[in-house]
Each structure stands twice: as structure tokens, then as C-alpha cells.
Amino acid sequence: MWDLNRSPDHNDDGADTPGAVAGSVAAELVASSSSSSSARRCKYDVFLSFRGPDTRKGITVEIRDQLQSRDVITFMDDRGLEPGDPISRKLIEAIEESRFAIVVLSPNYASSTWCLEELAKICECMEDNRILPLFYNVEPSNVRHQKKRSFGEAFSKHETSGRHTSKKIQLWRDALEKVASLTGWDSNNFKTERELVEAVVDSVCKRIQPFDVEFTMSTGDFEEFGASRKAMDEVMKALIDDNVTAIGVYGMGGVGKTTLVKHVAEKCRKSGIFHDVIMAVVSQSLDLKKITRHIGRSAGTLRIKKEDRSWKSKKVA
């Protein structure tokens, strides 16, 4: 156990308060980089962009519900819009305050100028690795080139309507071309819609965790004083010791236990000691089932089985 209450020259003569316990689970890493523009506090983990009549009552709401069940804060605008309605300020702010965007590109997505405006804003605000396209019953090449089928027809109407400038239409085309070139999911590659939803949700959840750790490190809220530097070095040594199975960090509230653990986790991830790190909150009212469920969901390897609750504990152990 490492005590953060002590300075290097301080003799320990007081009672210690139990603090944070850190655990790490090796799993497949989906890297998620951050920069000064993306390393900011966000209100939402995921913003869902979709064509309402196509997917609001189908796959989009399924993705939202599954993400929220795994504690991923998701923005989904449920309002129906009339033709010609401008994109709202609330929606723009939601995009700006989201870490990732899932763009559900359905057959009639491009027929909505509101969706196209939304997509252009997403491309303006987010780096490529934060935009996640889902090609739902459409060919990625049709989305990219907008010359055939529903996407080609939609742009023909936009260009002949006389309501939009050529500059605006080109902005929409560029946004679609960009998103269509990014790695995402093609519904044609999945046997069932359920399988597709699970793939999307599992991938997003794996991206969220590394982003959380990276964000904490980028804020510069960790300062290596003598005690914390010594404790961090000792924890790092213990993590590569095969004989060590659990590590505890304890100290008074506010001395930096959680921050130290996150800092160690990031160093381990970057150095390759662990491919992935999962953080779980351990409160005074210990709830092992809740912690086990959180770790299992975060690792993306467990499924809840109501009929056999002991199964989860065995898998995590």
C-alpha cells in the first residue's frame, strides 16, 4: 500500500483513511487520441446524427438505449422538424459539447438539409477519429460521390431548388465525402441488426475509456510532488511484478489518489504494460455486483446473465 499523506521526510504517526483502489484489465485497445481542441470538458460522450423518418424508431434509438445502459451519455434530438427549419442553437451546442459523433447515413439522409447542416458542423468541430459513420442500407461509395441512387437524387433536387447557394451545396458534398472516407460500420456486413448495434456500442465504449484517461492527463491537473512521485514509481514497479495481484493507494481526501492512479494508468497504456485500463469507483457502501458489471461492460467481453449471477464474477476473476 502506498500512502500519499506522507512527504519524503515525514514520519507517519497518524491514522490513515482508506482511499482508492485501482485495478487494470487487459483488453483490446481502440486508441483514441486527443489534442488541445478536443481535450475539453464535454457534456455528452456521443452525439447521434440521423434522418428521423428513416431510423428514429429503429436502429438509432436502439443504439442510444444500449449506450445509455452502459453509462455513455448520449445526445439524440427527438423533435420532428418542418422543411426549411434552421438548425437550432441547442443542436450546435450539443455537437460542440460532444466527444464523439455517430452519423447514421440512411437512404434519405441527404434529402434533409437539416441533416447536411448538422454533418457540416460535426466535420467543422471534430477531428476525424471522433466521427464514426454508420452506413445503414446505403453503399459507402454512393455517400462519397453523391451521383447515384438516393444521394444523387437528393443533391439534384438541392441544386435545382434555387434555395441554396453553390457554396453551401459544395460544403455539404465535402462533408459527406469526408465522412464516407472514414472507418465505420456497413450494415451489409452484419447478419442481423442486433449484431450491428452490439458492434457499434462495444466499439464506442472501448473508445470512451481511453479518451477519459487521456483527457485527465491533458488537463495538467497532476503535479508530481515528492510523495506522489515516490508512490507512482513504486506502483509502476509493482505493476510489472508477476507476484503482485492487487495494489492499493490510500490517503486523506483530496491528496490526489485518483489523479495519481489515472496518471499511472496512462503511463502503463502508453508504455505497453497494459493495452487497456478500466477505472471503477469503489465507494464506502461496497457493491461488488455493480463494480463487476461495470468492469465487464467496459471490457466488452461480458454479458449479463440474470439466471447465473456467479458467472460474471468468475469471468472477471
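Keep in mind it's a predicted model, so treat the numbers as computed, not measured.

What to know about the overall build of the chain
Part 1 of the argument: Helices and strands together make up the secondary structure of the chain, namely twelve helices and eight strands.
Part 2 of the argument: Taking all 317 residues of the chain together, 44% fall into the buried category.
Part 3 of the argument: Sequence-distant contacts in the chain: of pairs separated by 6 or more residues, those separated by 24 or more amount to 76%.
Part 4 of the argument: Summed over its atoms, the accessible surface of the chain is roughly 17,500 Å², and 48% of this surface lies on carbon and sulfur atoms.

Describing the sheet that holds strand β7 (residues 185-186)
Paired through backbone hydrogen bonds, the strands of a sheet run either parallel or antiparallel to each other.
Part 1 of the argument: Strands sit in the order β4-β3-β5-β6-β7 across an open sheet of five strands; the sheet is parallel. In the strand order of this sheet, the two ends are held by β4 (74-75) and β7, each with one partner.
Part 2 of the argument: Most of the contacts of helix α7 (residues 166-180) go to strand β6 (residues 131-135), to which it runs at about 85°, and overall it touches β5 (98-105) and β6.

As for the side chain of Asp 186
Part 1 of the argument: Within the element layout of this structure, Asp 186 appears in strand β7.
Part 2 of the argument: Buried and without a salt bridge, Asp 186 has Arg 144 as its closest oppositely charged side chain, separated by 9.6 Å.
Part 3 of the argument: Here Asn 188 takes part through its backbone nitrogen, which lies 3.0 Å from a polar atom of the side chain of Asp 186.
Part 4 of the argument: Beyond its immediate stretch of four places on either side in the chain, Asp 186 contacts Phe 135, Val 138 and Pro 140.

Side note on the nonpolar core
Part 1 of the argument: Within the largest apolar cluster, 32 residues are counted, with the highest numbers of intra-cluster contacts made by Phe 47, Leu 105, Ile 122, Ile 131, Val 143 and Leu 176.
Part 2 of the argument: Among the elements of the structure, β3 (44-49), α3 (89-96), β5, α4 (113-125), β6, α6 (149-161) and α7 are those that each provide at least two residues to this core.
Part 3 of the argument: Leave out the neighbours within four places in its chain, and Val 143 touches Leu 105, Phe 135, Val 138, Phe 151, Leu 176 and Ala 180.
Part 4 of the argument: Counting residues in hydrophobic clusters, the runner-up holds 23 residues, among them Val 72, Val 104, Trp 185 and Val 197.

Describing unusual backbone geometry
Part 1 of the argument: Even without being a glycine, Gln 146 presents a positive backbone phi close to 55°.
Part 2 of the argument: Locating Gln 146 in the fold gives a position in the loop between α5 (140-145) and α6.
Part 3 of the argument: The class for Gln 146 is buried, based on a relative accessible area of 4%.

Quick look at the packing of aromatic side chains
Part 1 of the argument: Applying the stated rule across the entire model yields two aromatic pairs.
Part 2 of the argument: Ring plane angle 5° and centroid distance 5.4 Å describe the contact between Phe 47 and Phe 75, whose orientation is recorded as stacked. Linking Phe 47 in strand β3 with Phe 75 in strand β4, this pair joins segments that are 28 residues apart in sequence.
Part 3 of the argument: Phe 47 gets classed as buried once you look at its relative accessible area, which sits at 1%.
Part 4 of the argument: Put simply, the rings of Tyr 44, Phe 47 and Phe 75 pair up and form one aromatic cluster.

Concerning the pattern of salt bridges
Charged atoms that come close allow side chains of opposite charge to pair.
Part 1 of the argument: Under the defined criterion, the tally for this structure stands at twelve salt bridges.
Part 2 of the argument: The salt bridge involving Arg 99 is made with Asp 45; its shortest N-O contact spans 3.5 Å. Of this pair, Arg 99 sits in strand β5 while Asp 45 sits in strand β3; the two residues are 54 residues apart in sequence, bridging distant segments of the chain. There is no split in this pair, since Arg 99 and Asp 45 are both buried.

Topic: the confidence of the model for the chain
Part 1 of the argument: On average, residues of the chain score 76 in pLDDT, and 69% of them are at 70 or above.
Part 2 of the argument: By mean pLDDT, the top-scoring element of the chain is β6 (97), and the lowest-scoring one is strand β2 (residues 20-22) (33).
Part 3 of the argument: Long-range and interchain partners of residues 6-40, a stretch whose pLDDT sits below 50, account for 62 contacts in this model, where long-range means more than four residues apart.
Part 4 of the argument: Every residue in residues 301-317 is under pLDDT 50, and counting partners more than four places away or in other chains gives 18 contacts.

Let's talk about the packing of α6 against α7
Part 1 of the argument: The contact between α6 and α7 brings their axes to 11 Å, and the two run at 165°. Classified by the interaxial angle, the pair formed by α6 and α7 is roughly antiparallel. In this structure, the crossing between α6 and α7 has a hand that is right-handed. Residues Phe 151, Phe 155, His 158 and Glu 159 of α6 pack against Ile 169, Trp 172, Arg 173 and Leu 176 of α7.
Part 2 of the argument: Broken down by class, the residue content of the contact of α6 with α7 amounts to five nonpolar, one polar and two charged.

Rules used in this analysis
Residues numbered from 1 in each chain as written. Predicted model: local features only at pLDDT ≥ 70, side-chain atom pairs only at ≥ 80, totals over all residues. Heavy atoms only, no water. Helix = DSSP H or I, 4+ residues; strand = E, 2+ residues; numbered from the N terminus. Buried < 20%, exposed > 50% of the residue type's maximum accessible area, 1.4 Å probe, protein only. Contact = heavy atoms within 4.5 Å. Areas by Shrake-Rupley, 256 points an atom, 1.4 Å probe, with all protein chains shown as cover. Pairing = 2+ DSSP bridges. Axes fitted to C-alpha atoms, helices over the stretch in contact; angles between N-to-C directions. Lys, Arg positive; Asp, Glu negative; His and termini not counted. Salt bridge = Lys/Arg side-chain N within 4 Å of Asp/Glu carboxyl O. Polar contact = N/O pair within 3.5 Å; in protein donor to acceptor, adjacent residues only side chain to side chain. Core = buried A, V, L, I, M, F, W, Y, C linked by side-chain atoms within 4.5 Å. Phe/Tyr/Trp six-rings, centres within 6.5 Å; stacked < 30°, edge-to-face > 60°. pLDDT = per-residue confidence, 0-100. Parallel < 35°, antiparallel > 145°, perpendicular 65-115°, else oblique. Left-handed = near helix turned anticlockwise from the far one by under 90°. Nonpolar A, V, L, I, M, F, W, Y, C, P; charged D, E, K, R; others polar.

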